[in-house]
Amino acid sequence: MTLRSRFTLFTVFWLIFILILYNVFVYFFVIRVTTRGELAIMTNKTNLVLDTLKQQSMRGYEDPKLLYDLYNPNEMMRIVTVDQRVVNQVGDKELLSLPPIPRTSTLSETRQINGQRFIYLAVPLFDKGQFLGTLEAARRLTVLDGYLQILVGALSVTSIGAIVFAIFGTFWFTSRLTGPIGQMVQTMREIDRSGKLQVVKLGGREESVELQQLVRAFNQMIEKLDRTIEHQKHFVADASHELKTPLTVISSYADMLKRWGRDNAEVRDEAIEAISKETQRLQNLIHSMLTLAEAEQDAWLNVSRFDVFGVIRELSETLGITFQREIRVHSDGNATKVTMRGDKDKLRQLLMILIDNAIKYSKEPIDVRVRANKNIIKFEVTDYGIGVPENEIPYLFERFYRVDDARRRTTGGSGLGLSIAKKIIDLHEGKVEVYSKPGNGTTISIQLPRNL
Ligand code: ATP
Ligand code: MG
């Protein structure tokens, strides 16, 4: 069932329920109020008779003059004696045909005769405590029933009108309300059919806030997907380009070897050296690409509590020895142990990427600083090397981005290191900042929560 029909059905049923309650209440309320009025008329009349009788010391109740003035074709009045005899009567024949009953207590009620309602009133007559008989009175409710019929008609007409209006109103309203959803569905189908991403356009109409949010969220998702796909395309293009270059070098050196390698030792050595270097670069590149691909999967992190300071010290020492460079590690307060929760191997890799860059792009000693408070741990890798121009800083973390290709030839970097670093930082919910000045050096500062 569509949202629209559901909404309409719900509103209509709810309205019908309310109308029924309301109509029943009005109907019975009107009946009550009006019968009370009719009863008051009859009570007045019986009181009049009683007063007259009292003035005559309860005598002369057979006198036709007693009831004569009170005649009304829609009513009847009569006096019934103890022995069930009607001694005085006036009024409607049909009402007079009711069986006469002498009652010793007052009674008033609504009754029916031949399908028509009337009110019935009985008042006992006493003379100094002695029961003489009963004064009976009845009055047809024809006028009242006529009004009630009109009332029922009016209530029915207004109720049906309200329901019809409600059906059309809700239908119109829900069409307006669900219009954008239909539009979204259509756009999704279109995307599915054509394979091309597109956003939903909001009509100029005033849509509800929730729908605007829905459409906006949908469009944001589409835009993000679009960006991701665009990214992927670039990545594939860049990656093929990066892979092609070393392969071209390897294949041309292999050709050279084939032709002259057997006779010329110099050519052979140069070719072997180049092939080995390019193979190494290819290996590094593929390794980095695989790391990035892996990082896209969930549950890439393997979280545990460990001593970062220990990791930093040990890594700096190893890299310092390997690359024959001075790497100084500082901590505030001369702490010897700083623990945190995170993926130890990934954070080691992150530090390695930063220190590797510092080694590659500088010749001076390198400083690594660790600072920690209760919730945050911060580390900085500073080098005093070539630095990065300010306008290039925002792009450093993009895949395959290198500040200039001239550096690449000497250092052999693929431009993936910092994008892997960024991924690791993001997965640890951390922040990174770069401070650099060409010729003066670079500081990369990373802030991570201590308890991931
Ligand atoms: P690799 O994938 O081998 O790390 P890479 O070092 O070229 O290659 P990134 O680590 O991503 O790639 O760095 C991107 C670019 O940023 C580098 O090519 C370099 O131009 C610049 N860069 C990074 N770190 C520094 C630094 N400490 N000093 C100067 N330039 C830097
Ligand atoms: Mg690097």
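Just so it is clear, the model here is predicted, and its values are computed rather than measured.

This part takes up the overall build of the chain. Each helix and strand counted, the chain has 10 helices and 12 strands in total. Its C-alpha atoms give the chain a radius of gyration of 51 Å, more than 25% over the compact-globule value 22 Å for 452 residues. Projected onto the principal axes, the alpha-carbon positions of the chain cover approximately 160 × 60 × 35 Å. Here the chain holds 452 residues, and 37% of them are scored as buried. The contacts of the chain with a sequence gap of at least 6 include a subset with a gap of at least 24, amounting to 60%. By element, 57% of the accessible surface of the chain is carried by carbon and sulfur atoms, the whole surface being about 27500 Å². On the chain, the mean spot of the 59 positive side-chain charges and the mean spot of the 53 negative ones are 4 Å from each other.

Domain parsing of the chain yields domain 1 (3–148), domain 2 (227–294) and domain 3 (298–449). Measuring from the centre of the C-alpha atoms in domain 1 to the corresponding centre in domain 2 gives 112 Å.

Under the criterion given, the structure shown has 6 aromatic pairs. Consider the rings of Tyr27 and Phe28, whose centres lie 5.3 Å apart with planes at 90°: the pair is edge-to-face. Among the residues examined, Tyr27 registers a relative accessible area of 27% and is labelled partly exposed. Geometrically, the ring pair formed by Phe126 and Phe131 is tilted, given 5.6 Å between the ring centres and 50° between the ring planes. With a relative accessible area of 18%, Phe131 lands in the buried category. We note Arg4 situated over the ring of Phe171; from NZ or CZ to the ring centre the distance is 5.0 Å. Here the guanidinium or amino end of Arg399 rests over the ring plane of Phe235, the centre of that ring lying 4.7 Å away.

Attention shifts here to the environment of Ser276. With respect to the helices and strands, the residue Ser276 is situated in helix 6 (residues 265–295). When its relative accessible area of 46% is taken as the criterion, Ser276 is described as partly exposed. C-alpha of Ser276 to C-alpha of Ile250: the two residues are 26 residues apart in sequence and 8.5 Å apart in space.

Attention now moves to unusual backbone geometry. A positive phi angle is found at Ser57, which is not glycine, with a value near 55°. The phi dihedral of Gln84 is positive, around 65°, even though this residue is not glycine. Within the secondary structure layout, Gln84 lies in the loop between strand 1 (75–81) and strand 2 (86–91).

For the rest of this paragraph, the subject is the nonpolar core. Here is a general trend for soluble globular proteins: nonpolar side chains tend to be buried in one another's company. Counting 47 residues, the largest nonpolar core has Leu350, Ile355, Ile377, Phe379, Leu418 and Leu448 as its most contacted members. When residues of this core are traced back to their parent elements, those giving at least two are helix 5 (209–261), helix 6, helix 7 (308–323), helix 8 (344–360), strand 9 (366–372), strand 10 (376–383), helix 10 (417–427) and strand 12 (441–449). Counting residues per element, this core draws most heavily on helix 8, at 8 residues. Both domains that meet at this core, namely domain 2 (227–294) and domain 3 (298–449), each give it at least three residues. Apart from residues lying up to four places away in sequence, Leu350 is in contact with Phe379, Ala421, Ile424, Ile425 and Ile446. In this structure, Val87, Val123, Leu125 and Leu135 belong to the second largest nonpolar core, which totals 22 residues.

Pairing between the strands of a sheet comes from backbone hydrogen bonds, and it takes one of two forms, parallel or antiparallel. Judged by pairing direction, the sheet is mixed, and its 5 strands sit side by side in the order 7-9-10-12-11 without closing on themselves. The sheet is open, and its two edges are formed by strand 7 (327–331) and strand 11 (431–437), each paired on a single side. On average, adjacent strands in this sheet sit at an angle of 15° to one another, irrespective of strand direction. As paired strands, strand 11 and strand 12 are joined by 7 bridges and run antiparallel to one another.

For the rest of this paragraph, the subject is the packing of helix 4 (residues 142–194) against helix 5. Look at helix 4 against helix 5: their axes get within 10 Å of each other, and the N-to-C directions meet at 15°. Viewed along their axes, helix 4 and helix 5 adopt a mutual orientation that is roughly parallel. Here the hand of the crossing between helix 4 and helix 5 comes out left-handed. Contacts from Leu177, Pro180, Ile181, Met184, Met188 and Ile191 of helix 4 reach helix 5 at Leu211, Leu214, Val215, Phe218 and Ile222. For the contact of helix 4 with helix 5, the class distribution of residues is 11 nonpolar, no polar and no charged.

Our next topic: the site of ligand 1. Residues in close proximity to ligand 1 total 18 residues, the closest being Asn357, Asp383, Ser414, Gly417 and Leu418. A distance of 3.0 Å separates an oxygen atom of ligand 1 from a polar atom in the side chain of Tyr361. Asp383 is positioned with one of its side-chain polar atoms (N or O) 2.8 Å from a nitrogen atom of ligand 1. If ligand 1 stood free it would expose 590 Å²; the protein chains cover 94% of that surface. Going through the elements one at a time, helix 8 and helix 10 are the ones with two or more residues in the shell around ligand 1. Looking at the shell around ligand 1, its residues break down into 7 nonpolar, 7 polar and 4 charged.

This brings us to the sheet that holds strand 1. Here we have 5 strands laid out as an open sheet, ordered 2-1-5-4-3, and antiparallel in their pairing. Both outer strands of the open sheet, strand 2 and strand 3 (107–113), are each paired with one neighbouring strand and no more. Each adjacent strand pair in this sheet contributes to an overall mean axis angle of 20°, direction not counted. The pairing of strand 1 with strand 5 (residues 130–140) spans 7 bridges and is antiparallel. Across the sheet, the residue bridging to Glu75 is Arg139, located in strand 5. Sitting on the sheet, helix 1 (residues 3–55) touches strand 1, strand 3, strand 4 (116–127) and strand 5, and the angle it makes with strand 4 is about 25°.

Rules used in this analysis
Residues numbered from 1 in each chain as written. Chains lettered and ligands numbered in written order. Predicted model: local features only at pLDDT ≥ 70, side-chain atom pairs only at ≥ 80, totals over all residues. Heavy atoms only, no water. Helix = DSSP H or I, 4+ residues; strand = E, 2+ residues; numbered from the N terminus. Rg over C-alpha atoms; globule rule 2.2 N^0.38 Å. Buried < 20%, exposed > 50% of the residue type's maximum accessible area, 1.4 Å probe, protein only. Contact = heavy atoms within 4.5 Å. Areas by Shrake-Rupley, 256 points an atom, 1.4 Å probe, with all protein chains shown as cover. Lys, Arg positive; Asp, Glu negative; His and termini not counted. Charge placed at Lys NZ, Arg CZ, Asp CG, Glu CD. Domains from an automatic or database assignment. Phe/Tyr/Trp six-rings, centres within 6.5 Å; stacked < 30°, edge-to-face > 60°. Lys NZ or Arg CZ within 6 Å of the ring centre and 35° of its normal. Core = buried A, V, L, I, M, F, W, Y, C linked by side-chain atoms within 4.5 Å. Pairing = 2+ DSSP bridges. Axes fitted to C-alpha atoms, helices over the stretch in contact; angles between N-to-C directions. Parallel < 35°, antiparallel > 145°, perpendicular 65-115°, else oblique. Left-handed = near helix turned anticlockwise from the far one by under 90°. Nonpolar A, V, L, I, M, F, W, Y, C, P; charged D, E, K, R; others polar. Near = heavy atom within 4 Å. Polar contact = N/O pair within 3.5 Å; in protein donor to acceptor, adjacent residues only side chain to side chain.

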